[in-house]
Amino acid sequence: MTTNIAVLVSGRGSNLQSIIDNIENGYIKDAKISVVISDVGDAYALERARNHGITDVFIDPSDYSGKQEYEKELMEVLKDNDVGLVLLAGYMRLVGKDLIAAYRNSIINIHPALLPSFKGLHAQQQAFEYGVKVSGCTVHFVDEGMDTGPIIIQKCVPVLDTDTADDLAARILEQEHKIFPEAVKLFVEGKLKVEGRIVVHT
Ligand code: GRF
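What you see is a predicted model, and the numbers here were worked out from it, not measured in a lab. (Residues numbered from 1 in each chain as written. Predicted model: local features only at pLDDT ≥ 70, side-chain atom pairs only at ≥ 80, totals over all residues. Heavy atoms only, no water.)

**Structural notes on the packing of helix H1 (residues 14–24) against helix H2 (residues 44–51)**
Then, in step 1: Orientation of H1 relative to H2, taken along the N-to-C sense of each, is 20 degrees, at an axis distance of 9 Å. Taken together, the axes of H1 and H2 are roughly parallel relative to one another. Between H1 and H2 lies a crossing of right-handed hand. Side by side, H1 and H2 meet where Ser-14, Leu-16, Gln-17 and Ile-20 of the first sit next to Ala-45, Arg-48 and Ala-49 of the second.
Then, in step 2: Residue classes in the contact of H1 with H2 are distributed as four nonpolar, two polar and one charged. (Axes fitted to C-alpha atoms, helices over the stretch in contact; angles between N-to-C directions. Helix = DSSP H or I, 4+ residues; strand = E, 2+ residues; numbered from the N terminus. Parallel < 35°, antiparallel > 145°, perpendicular 65-115°, else oblique. Left-handed = near helix turned anticlockwise from the far one by under 90°. Contact = heavy atoms within 4.5 Å. Nonpolar A, V, L, I, M, F, W, Y, C, P; charged D, E, K, R; others polar.)

**A closer look at the packing of aromatic side chains**
What describes a pair of aromatic rings is the distance from one ring centre to the other and the angle between the planes of the rings.
Then, in step 1: A complete count under the given rule lists three aromatic pairs for this structure.
Then, in step 2: In this structure, Arg-93 is placed above the aromatic ring of Tyr-70, and the distance from its NZ or CZ to the ring centre is 5.5 Å.
Then, in step 3: A cation over a ring is seen here: Lys-185 above Tyr-27, with NZ or CZ 4.8 Å from the ring centre. (Phe/Tyr/Trp six-rings, centres within 6.5 Å; stacked < 30°, edge-to-face > 60°. Lys NZ or Arg CZ within 6 Å of the ring centre and 35° of its normal.)

**Points about the UniProt feature "domain: Formyl transferase N-terminal" (unreviewed entry) in the protein**
Then, in step 1: Taking the UniProt record as the reference, the feature "domain: Formyl transferase N-terminal" (unreviewed entry) is found at residues 4–184.
Then, in step 2: Helix makes up 37% of residues 4–184 and strand 24%, with an end-to-end C-alpha separation of 12 Å. (UniProt positions renumbered as here; feature names shortened; annotations may be inferred.)

**So, the nonpolar core**
Then, in step 1: Judged by nonpolar contacts, the single largest core of 37 residues is most densely connected at Val-7, Val-36, Leu-87, Ile-108 and Ile-152.
Then, in step 2: Inspection of this core shows a minimum of three residues originating in each of domain 1 (1–103) and domain 2 (109–201).
Then, in step 3: Setting aside residues no more than four positions away along its own chain, Val-36 makes contact with Val-7, Val-9, Leu-16, Leu-46, Ala-49, Ile-54, Thr-55, Asp-56 and Val-57.
Then, in step 4: Formed by 20 residues, the second largest nonpolar core is a distinct cluster that contains Ala-6, Tyr-70, Leu-74 and Met-75. (Core = buried A, V, L, I, M, F, W, Y, C linked by side-chain atoms within 4.5 Å. Buried < 20%, exposed > 50% of the residue type's maximum accessible area, 1.4 Å probe, protein only. Domains from an automatic or database assignment.)

**Quick word on helix H3 (residues 67–80)**
Then, in step 1: Across its 14 residues, H3 extends 20 Å between first and last C-alpha, which sits within 8% of the 20 Å expected from 1.5 Å per residue.
Then, in step 2: Those residues of H3 that fall on the buried side of the exposure criterion are Tyr-70, Glu-71, Leu-74, Met-75, Val-77 and Leu-78. Each buried residue of H3 sits inside an arc of 155 degrees when the element is viewed along its axis, so together they form one side. Exposed residues pointing more than 90 degrees away from the buried face of H3 are listed as Lys-72, Lys-79 and Asp-80.
Then, in step 3: Downstream of H3 by one or two residues, Asp-82 has phi in the positive range, about 55 degrees. (Expected span 1.5 Å × (residues − 1). Arc of directions from axis to C-beta.)

**Brief notes about the domain arrangement of the protein**
Accessible area lost upon the coming together of the parts is a frequently used measure of interface size.
Then, in step 1: The assigned domain composition of the protein is domain 1 (1–103) and domain 2 (109–201).
Then, in step 2: Taking only C-alpha atoms into account, the centre of domain 1 sits 20 Å from that of domain 2.
Then, in step 3: Each side of the interface is counted separately: domain 1 has 22 residues, and domain 2 has 18 residues.
Then, in step 4: Summed over both sides, the interface of domain 1 with domain 2 buries roughly 1,700 Å², with 72% coming from carbon and sulfur.
Then, in step 5: Sorting the residues of domain 1 by area buried against domain 2 places Asn-15, Tyr-27 and Leu-88 first, and these three jointly supply 30% of that buried surface.
Then, in step 6: At the junction of domain 1 with domain 2, the criterion picks out zero salt bridges.
Then, in step 7: In this structure, the connection of domain 1 to domain 2 is made through three residue pairs in polar contact (both at pLDDT 80 or more).
Then, in step 8: Elements that contribute at least two residues to the side of domain 1 that touches domain 2 include exactly strand S1 (3–9), H1 and strand S4 (85–88).
Then, in step 9: Broken down by element, the side of domain 1 that touches domain 2 gets its largest block of residues, five residues, from H1.
Then, in step 10: For the side of domain 1 that touches domain 2, a count of residues per class yields 13 nonpolar, six polar and three charged. (Buried area = accessible area lost by both parts, 1.4 Å probe. Salt bridge = Lys/Arg side-chain N within 4 Å of Asp/Glu carboxyl O. Polar contact = N/O pair within 3.5 Å; in protein donor to acceptor, adjacent residues only side chain to side chain.)

**Comments concerning the pattern of salt bridges**
Side chains that differ in charge, positive against negative, can pair when their charged atoms come close.
Then, in step 1: Counting across every chain of the model gives eight salt bridges.
Then, in step 2: Glu-144 is the partner of Arg-104 in a salt bridge, and the nearest nitrogen-oxygen pair spans 2.8 Å. Placement of Arg-104 in the loop between helix H4 (97–102) and strand S5 (107–111) and of Glu-144 in the loop between strand S6 (134–141) and strand S7 (151–158) is noted, with a sequence separation of 40 residues between them.
Then, in step 3: We classify Arg-104 as partly exposed; its relative accessible area is 43%.
Then, in step 4: Glu-144 sits in the partly exposed class, given a relative accessible area of 47%.
Then, in step 5: Two residues, Arg-171 and Asp-163, come together in a salt bridge whose shortest N-O distance is 2.6 Å.
Then, in step 6: What emerges from the salt-bridge pattern is a single network uniting Lys-185, Glu-189 and Lys-191.

Laid out in structure tokens, this is it:
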């Protein structure tokens, strides 16, 4: 059975691209990106979707009285597309409780640091300024907290003495583009079991 995926984005969409590419090249089987939804009208990610014949939707949060109303519309789009997996790929909003409840353990986020360190915005910069010697990225299920959900995959990268924050971010991004598709593949194949906050790969 095909898993219909919705990808939520706000910006350049390189992680969206990695999912598109890995579906097109057959690494991820039995899955389809049914819709790409952005909260930013001119997000480059929307163009990437259109370039691949994927339905793109812009939902303007300022058209709604609050988060709950905005997400109600978002959930309508998910329902219309019979979505079974929601990916947050550079989506710059905290997901509300109704959406989380509707898609418990079926919303996956990619974060550019080794959680639980450096949650929130500009994680690569935070890690760089802290002076860590290794950093990396984390793919995790989304729960009610910010970057707190059960961890699916993590990947480390070194921080070199010669690095700028941008160098580190680029090294991390390269790994993001590997572990995000890997996690999606595991999910689609039914190989992820969540036990409390531990994700077991079956
Ligand atoms: C990535 O670094 C991702 O980890 C973070 O936001 C950035 C999005 O980049 N959540 P892109 O839009 O996928 O290129």
